[in-house]
Amino acid sequence: MGYPDTGWYEKLAREILSGDFRMYDGARTPIYPIILIVGLFKWKLVWLIQMVLGVINALLIYSIILKATNSKKFSFFVGLGINFSLILLFFESNLLTETVCIFFLLLSVLILQKTTEICKPGIFKKDINYLMLSMSVTFVTLTRPTFLYIFPLILILIIYDYFKNSDNKGGFLKKLLFYVVPFMIFVGGWSTLNKIKVDYFGPTTLTGFHLIEHSGTFIEYAPEEYSELRELYLKYRKIKISETGEQTTTIYMVYPEIQKNKGYSIARISKELTAVSLWLFYHQPGLYLKSVKRAFVDFWLFPNFIDYWDLNLLRFKILRAPAGYWVLLEIYLWLALNFLFFIGSIFFLFSRQVRNSPNKLTIIYLISTVYSLSFIQAFVQYGDNWRFSVAVK
């Protein structure tokens, strides 16, 4: 199934394929559009690619758990269990980035396990691991820019490993370069392309569109210098709330009118949205933090799958009711695991088992990735926060 985001990815895919960037807006990053190109813009073929990635993701989970526990049985059943997740299966059938993000995130975990092992003979192999780690982090960032934080997170872990593990000190500077340079070339290069084409340095020009999801709830407090934007937003916010009960995504009703009236690019609109949002956050911190709290809770609590699947579209009607019960069971399992992780992971992180574990850095990475995303996503954007949690959970 396609969604509004899908059209943006398809637009960039065709621009990459043709080399014609005259209508380029810098909104989306290149990895998922490349998947669409590989799938020849045939959605069933893209779906097949994502299904294959789903199987590979299960194998990666098996490998990660096997390396951590040395238990083939436990690893097998966890990896197999992932294949029975209708939630993940339905995302594989949607033209969205979740499955691709999961693939690169799991790849980064597996490579980090190899990278932080006690060094065995073969420095070159270790250097290649750092390069592969860099590429996995680069690709997940260029799939969804929110994951930009993973680069410094792993960099900190690599430096920590250097000082704590006396066996891993050989050629450290070279290893660091293998990790840092590819990321800077690709992510920095894409950000530079945006600067050249649309005068916006960064992997995406949608930062302001995300921030307004918070500030839009109290944009009536915006100063007179933003009066035109304020009044236009308030007009469409009223319509959006009357239709859905929420003001989220109002900006996607507003920005076409701004483009029509003023001829502004996505990048210029985003800059203005960023400016008004930061002004409102500074002058109305209580309202901002209230919105952040809602976003944070949304990340951890009940997932709104109804917006992304319709079980009535299943071809075989006999499967609709069982699939509905199965998804409901998964949702309750999802909530239970979220609760256990939220309560127990911090205590586990400082436990003796983790301190003495050869997979200590991997465990820190896994826990830090989830918590970091929950806070970053909450502070930057409100709306569909639970969906953005799928890739890390």
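The structure presented is a predicted model; accordingly, all values stated were derived computationally and were not measured. (Residues numbered from 1 in each chain as written. Predicted model: local features only at pLDDT ≥ 70, side-chain atom pairs only at ≥ 80, totals over all residues. Heavy atoms only, no water.)

**A look at the overall build of the protein chain**
- Assigned secondary structure in the protein chain consists of 18 helices and zero strands.
- Among the 393 residues that make up the protein chain, the fraction classed as buried is 49%.
- Taking the intrachain contacts of the protein chain between residues at least 6 apart in sequence as the baseline, contacts between residues at least 24 apart amount to 70%.
- Total accessible area on the protein chain is roughly 20,000 Å²; 68% of this is exposed by carbon and sulfur atoms. (Helix = DSSP H or I, 4+ residues; strand = E, 2+ residues; numbered from the N terminus. Buried < 20%, exposed > 50% of the residue type's maximum accessible area, 1.4 Å probe, protein only. Contact = heavy atoms within 4.5 Å. Areas by Shrake-Rupley, 256 points an atom, 1.4 Å probe, with all protein chains shown as cover.)

**What to know about the nonpolar core**
- Ranked by internal contacts, the top residues of the largest apolar core, which has 100 residues, are Phe147, Ile150, Ile154 and Tyr365.
- Sort the elements by how many residues they give to this core and helix H6 (residues 98–115) lands first, with 11 residues.
- Look past the residues within four positions of Tyr365 in its chain and what remains in contact with it is Leu105, Ser108, Val109, Leu112, Ile150, Leu153, Ile154 and Leu157.
- Formed by five residues, the second largest nonpolar core is a distinct cluster that contains Leu86, Phe90, Ala323 and Val327. (Core = buried A, V, L, I, M, F, W, Y, C linked by side-chain atoms within 4.5 Å.)

**A few points about the confidence of the model for the protein chain**
- Confidence along the protein chain averages 86 in pLDDT terms, with 90% of residues attaining 70 or more.
- Scored below 50 in pLDDT, residues 119–124 shows four contacts in the model against residues more than four places distant or in partner chains. (pLDDT = per-residue confidence, 0-100.)

**Digging into the packing of helix H8 (residues 150–164) against helix H9 (residues 172–198)**
- Between H8 and H9, whose axes approach to 11 Å, the crossing angle comes to 180°. In terms of orientation, H8 lies roughly antiparallel with respect to H9. When H8 is examined against H9, the residues Ile150, Phe151, Ile154, Leu155, Ile158, Ile159 and Tyr162 are found in contact with a partner set consisting of Phe172, Leu176, Tyr179, Val180, Phe183 and Met184.
- Split by residue class, the contact of H8 with H9 holds 13 nonpolar, no polar and no charged. (Axes fitted to C-alpha atoms, helices over the stretch in contact; angles between N-to-C directions. Parallel < 35°, antiparallel > 145°, perpendicular 65-115°, else oblique. Nonpolar A, V, L, I, M, F, W, Y, C, P; charged D, E, K, R; others polar.)

**Digging into the side chain of Glu213**
- Following the sequence through the fold, Glu213 ends up in helix H10 (residues 207–215).
- At 8.6 Å, Lys240 is the nearest oppositely charged side chain to Glu213, a buried residue that forms no salt bridge.
- Apart from the residues lying within four places of it in its own chain, the contact partners of Glu213 are Gln247, Thr248, Thr249, Ile251, Tyr252, Gln381 and Tyr382. (Lys, Arg positive; Asp, Glu negative; His and termini not counted. Salt bridge = Lys/Arg side-chain N within 4 Å of Asp/Glu carboxyl O.)

**Regarding empty space enclosed by the protein**
- Summed over the entire model, instances satisfying the criterion amount to one cavity of 30 Å³ or more.
- Estimated volume of the largest cavity: approximately 30 Å³.
- Lining the largest cavity are Trp8, Lys11, Leu12, Glu15, Tyr24, Asp25, Gly26, Ala27 and Arg28.
- Counted by class, the lining of the largest cavity contains four nonpolar, one polar and four charged residues. (1 Å grid on protein atoms, 1.4 Å probe; cavity = no way out; pocket = protein on both sides within 12 Å on 5 of 7 lines; lining within 4 Å. Points joined across faces, edges and corners; volume = space filled by probe spheres on them.)

**Points about unusual backbone geometry**
- In this structure, Phe41 takes a positive phi of about 60° despite not being glycine.
- Along the polypeptide, Phe41 turns up in the loop between helix H2 (31–38) and helix H3 (43–69).
- For Phe41, a relative accessible area of 15% gives the class buried.

**Topic: a nonpolar patch on the surface**
- Together, Leu333, Leu337, Phe339, Leu340, Phe342, Ile343 and Phe347 make up an exposed nonpolar region whose accessible area comes to about 760 Å².
- Inspection of the secondary structure puts Leu337 in helix H15 (residues 320–349). (Patch = residues over 30% accessible without salt bridge, like charges linked within 9 Å, V, L, I, M, F, W, Y side chains within 5 Å.)

**Let's talk about the packing of helix H11 (residues 227–244) against helix H12 (residues 251–262)**
- Closest axis-to-axis distance for the H11/H12 pair is 9 Å, and the angle between their directions is 140°. Compared by their axis directions, H11 and H12 come out oblique. Note on packing geometry: the crossing formed by H11 with H12 is right-handed. Note on element contacts: H12 touches H11 through Ile251, Met253, Val254, Glu257, Ile258 and Lys262, opposite Glu228, Leu229, Leu232, Tyr233, Lys235, Tyr236, Ile239 and Lys240.
- For the contact of H11 with H12, a count of residues per class yields nine nonpolar, no polar and five charged. (Left-handed = near helix turned anticlockwise from the far one by under 90°.)

**Observations concerning the packing of aromatic side chains**
- Counted by the stated rule, this structure contains 25 aromatic pairs.
- Both rings, one in Phe341 and one in Tyr371, keep their centres 5.7 Å apart while their planes meet at 25°; by these two values the pair is stacked. With Phe341 in helix H15 and Tyr371 in helix H17 (residues 360–380), the pair connects residues that are 30 residues apart, well separated along the chain.
- Residue classification places Tyr371 among the buried positions, given a relative accessible area of 12%.
- Within the aromatic cluster, the residues linked to one another by ring pairs are Phe296, Phe299, Trp300, Phe341, Phe342, Tyr371 and Phe375. (Phe/Tyr/Trp six-rings, centres within 6.5 Å; stacked < 30°, edge-to-face > 60°.)

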